[in-house]
Amino acid sequence: MEAAGARTRAAARRRGRRLRGPATLKEQRDPQPGGRLLQRRIEEDQEEAVFREVVSFTPDPLPVRYYDKDTTKPISFYLSSLEELLAWTPNMEDGFNVALGPPECRQPPLSSRRPRTLMCHDMMGGYLDDKFIQGSATQNPYSFYHWQYIDIFVYFSHHTVTIPPVGWTNAAHRHGVCVLGTFITEWKEGERLCEAFLAGDERSYQAVARQLVLIAQFFRFDGWLINIENSLSVSTPAPGAWPAGPCAPRGPSIALLGLIRPVPATAALPPSQLEPAPTPLPLHREMDVLHRGVQKPCALSFASLAPSRRPLLCSRRMCGFLHAAFPFHCVLSFPDCCVHVLPASERTESRTSGWTLCSTAVGLRGFRDQDPFAPGVKCPPVCPVPGASHDRPLWASRKVCLLPCLQLAAVGNVPHFLRYLTTQLHQQVPRGLVLWYDSVVSSGQLTWQDELNEHNRVFFDSCDGFFTNYNWREEHLERMLGQAGERLADVYVGVDVFARGNVVGGRFHTDKSLELIRKHGFSVALFAPGWVYECLEKGDFFQNQDKFWSLLERYLPTHSICSLPFVTSFCLGMGTRRVCYGQEEAVGPWYHLSAQEIQPLFGEHRLEGDGRGWVKMHCCLEDAWNGGSSLLIRGLIPPEVGNVSVRLFSLQVPVPPKVFLSMVYKLEGPSAVGVALELTTGDAGSCHVGGISALSETSSRRSPRPLRVPPTKLAKWVGRCGQQLSGGWVQRCYEVNLRGCLLQALFVNFSRPPGSQEEENFVCRLGEIQVVDANSLLTPLPQVQAVTVSQVRWQPAASEGESGPAGLRLSCTLHWAYLLPHVRCFRIHCCRGSGGDSPCRGPSEPEKPTLLGLAFVNRYRIVDLAVAPAEPGRDGRVEFLVEPIPKEGFLVPRAEWGRAAMLYSTPRT
């Protein structure tokens, strides 16, 4: 691109090359001396950037990691190897995948001791339609909306580093739910990966941990599930295991490792009676020797050593079996002075199928003291090498159990890795979490335990929580009570909703598993609840989804949102059309997870006692006020009561002095049922009201006074209050003045018409709920600044006829500056025209901007926008508009939008 004279604020320095990132707000206010920052004011007193582009069809591919190779749409991504993880550094392309903010404030906090509910989303390998950051035109996608039951969301795939797609992070955070990615190693490749960063010194695993923390911090998710599903190697005694002194060996290699059957301490068996290894192997005169820093084993010939330096082996056959059957090397070294024998009080046993890991240490100076076995040691005696001649016990050898000081190389570093990762994450990510999945045990074997026990307790002690495997029984839960101690809530008992393996319950019987888990006070980890979408009819998805979660409802405590503003249009982040405040903008399927609004407490509620009143709530794609869906409420008011109410949301919000509330709704059919918004506060006797009840004078719920004439300062925001709107929608506005109170819940109340004595059925759609601090509405909003255009790509459009020039398709990236804490989202529009005049601000009737999509960061990728070809000697023009939607949910005047225009022309011949 080239600058467009005095009307240009910024331009691309090289055509087809990436522009530098947008300036910060401070940089925009205080440009550097000598910087080229040309400006002009437009009619609405708003700055506009104008860029010039000469149309060129030269290919300029974008990085495939960040953009779909077919459409150039930005996509979420994963990392497939350790090399990719260690090489990753943040850049401009990563900015699309950054979440809007941290999780919203919630009560109780995740740190409370209340048992939690974790949802692990594993669907067909992951990164499906949810990978498209700006949404897609997907029909019948998977949607999750029972967020009030969930505390932790894990995005799972089988890629090494699973970074959650930003749409899931935004949707979860909006509901106060924390989001974890997955770090997984599997199979032989997983063993090699783990050896690469766990079998070395601390610098290796700390580098991996720091990268994982950096990724979570940059993309604004909350931590990691660590899943090591491959065996891990063992190694030599840990540095420092031997006492300091002239006899201490230098380096980690000090002893021959062997697996032998434990025998009584008093036994002195000859070699012929030692129990042989399970698989006889030929004797070898050479054995691999491994030293730190040696990449391949080297051979040591026993015959080449002087007789006084030859090692004494108990059973080379056993060592051969050990070397062949287990993933570690036999190690020999020869200290020039005495060997160290641990006191019996320091010895422990580590059993692997009944075999005890021991070590033979050999030295020039033998032992001349008592019986070669100290009391309690269960290692059998060693025999001399056949043919060796010794006239006195100077050549005696000693079998020494080194288990307390034996370092298990990869597996031995796992607790250190977990502790370091957890500590670093807590420092950089508020309320961050690291969880460990039940797979590898402390011996390095891949052995799922289905419980927390002494074999995996070391990993639990090194991080924030433990996710068990799924084939448990109640006796596993009972045993875990002692292991978990005061950390019951940190044990997440796994439940496979697909019911694979020997499980207690799954599918529509998952409640059987939850009943036992909650009985013992543990948290629950629901794995793959997308079963209702993958395995059942897509056309019945919403009914099956509601059925599944309704069966679990009594075992799933909810959490409350505790911050203002509280605004929702009940949009699921999908729909069959797009609607903006009652006006249809586009027709066709769409799916955009980041656009999902706060969802209510779905379900069916009935009046207590013998009353026949009931209310059911469902999500509905058939109609919408803003977005793609609304909340459908059906119910019945029995003759014996005057009204019914249903709780929509649980809150814990300190009420400011003045609160502005709004509700948009629509009654279906000829019903004359009254509809009103109600709230509960914490300053009355019994503030928590569940389900539905008749409203009595002693209730802690309050019916706020309708705001028929809004204050002058709020008039521009609430001008629709009390009016009949397009599509049959009605907006009711309320003003509440409460001091020193806690807002605890929002209800909607349905009352029978005056004079009616009959049963009253009703169908009502809710389109929007707003709860806003009235004073916040008086604060001026920041303007969108520094809109730039980069990464331009032109393509010829398919010609519809033989006459006339072919059309063009434009793809480009917009950047702008705006303080994200103030925004709910951005709506991106365009106007197309020609020449130097703005089609959005023409002298006659301005063109209505066309909605292109939604953005939740300060950038947006425009893909294949159809534009008319530039006429000879005349520029084509397309104008882009960035509309901020504040958190309060109100429309912003167009004068406060950001703008950038592109003038384009054909190449000169």
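This one's a predicted model, so the numbers in the text were calculated from it and none came from an experiment.

## A word on the state of the cysteines
Part 1 of the reasoning: Under the criterion given, the structure shown has 1 disulfide.
Part 2 of the reasoning: Two residues, Cys 105 and Cys 562, share a disulfide whose sulfurs are 2.2 Å apart. Taking the sign of the S-S torsion, -90° for the link of Cys 105 and Cys 562, the bridge is left-handed. Here Cys 105 is found in the loop between helix H2 (82-87) and strand S3 (106-107), whereas its partner Cys 562 is found in the loop between strand S19 (560-561) and strand S20 (566-568), with 457 residues between them in sequence.
Part 3 of the reasoning: With no disulfide of its own, Cys 620 has Cys 619 as its nearest cysteine by sulfur position, at a separation of 8.0 Å.
Part 4 of the reasoning: Just so you know, Cys 825 is unpaired, no disulfide at all, and the nearest cysteine sulfur is the one on Cys 580, 9.3 Å from it.
Part 5 of the reasoning: Note on Cys 825: relative accessible area 10%, which makes it buried.

## A look at the environment of Ala 87
Part 1 of the reasoning: Residue position: Ala 87 is located in helix H2.
Part 2 of the reasoning: A relative accessible area of 57% places Ala 87 in the exposed class.
Part 3 of the reasoning: Between the C-alpha atom of Ala 87 and that of Gln 211, which follows or precedes it by 124 residues, the distance is 8.9 Å.

## Focus: the nonpolar core
Part 1 of the reasoning: Phe 183 and Phe 417 are the most contacted members of the largest nonpolar core, which totals 156 residues.
Part 2 of the reasoning: Structurally, this core is a two-domain feature, drawing no fewer than three residues from each of domain 2 (109-126 + 143-233 + 408-559) and domain 3 (566-684 + 698-778).
Part 3 of the reasoning: Counting 39 residues, the second largest nonpolar core, distinct from the first, contains Val 55, Ile 828, Leu 854 and Val 882.

## Thoughts on the packing of helix H4 (residues 187-198) against helix H5 (residues 202-219)
Part 1 of the reasoning: At a minimum axis separation of 7 Å, H4 and H5 run at an interaxial angle of 110°. Overall, the two elements H4 and H5 adopt an arrangement that is roughly perpendicular. From H4, Ala 196, Phe 197 and Leu 198 reach across to H5, where they touch Ser 204, Tyr 205 and Val 208.
Part 2 of the reasoning: Partitioning the contact of H4 with H5 into residue classes produces 5 nonpolar, 1 polar and no charged.

## Comments concerning the side chain of Glu 186
Part 1 of the reasoning: Note that Glu 186 resides in strand S7 (residues 178-186).
Part 2 of the reasoning: No salt bridge is formed by the buried Glu 186, whose closest oppositely charged neighbour, Arg 500, lies at an N-O distance of 12 Å.
Part 3 of the reasoning: Sequence-distant contacts of Glu 186, defined by excluding residues within four places in its chain, comprise His 158, Glu 229 and Asn 230.

Conventions we followed
Residues numbered from 1 in each chain as written. Predicted model: local features only at pLDDT ≥ 70, side-chain atom pairs only at ≥ 80, totals over all residues. Heavy atoms only, no water. Disulfide = S-S within 2.5 Å. Helix = DSSP H or I, 4+ residues; strand = E, 2+ residues; numbered from the N terminus. Buried < 20%, exposed > 50% of the residue type's maximum accessible area, 1.4 Å probe, protein only. Core = buried A, V, L, I, M, F, W, Y, C linked by side-chain atoms within 4.5 Å. Domains from an automatic or database assignment. Axes fitted to C-alpha atoms, helices over the stretch in contact; angles between N-to-C directions. Parallel < 35°, antiparallel > 145°, perpendicular 65-115°, else oblique. Contact = heavy atoms within 4.5 Å. Nonpolar A, V, L, I, M, F, W, Y, C, P; charged D, E, K, R; others polar. Lys, Arg positive; Asp, Glu negative; His and termini not counted. Salt bridge = Lys/Arg side-chain N within 4 Å of Asp/Glu carboxyl O.

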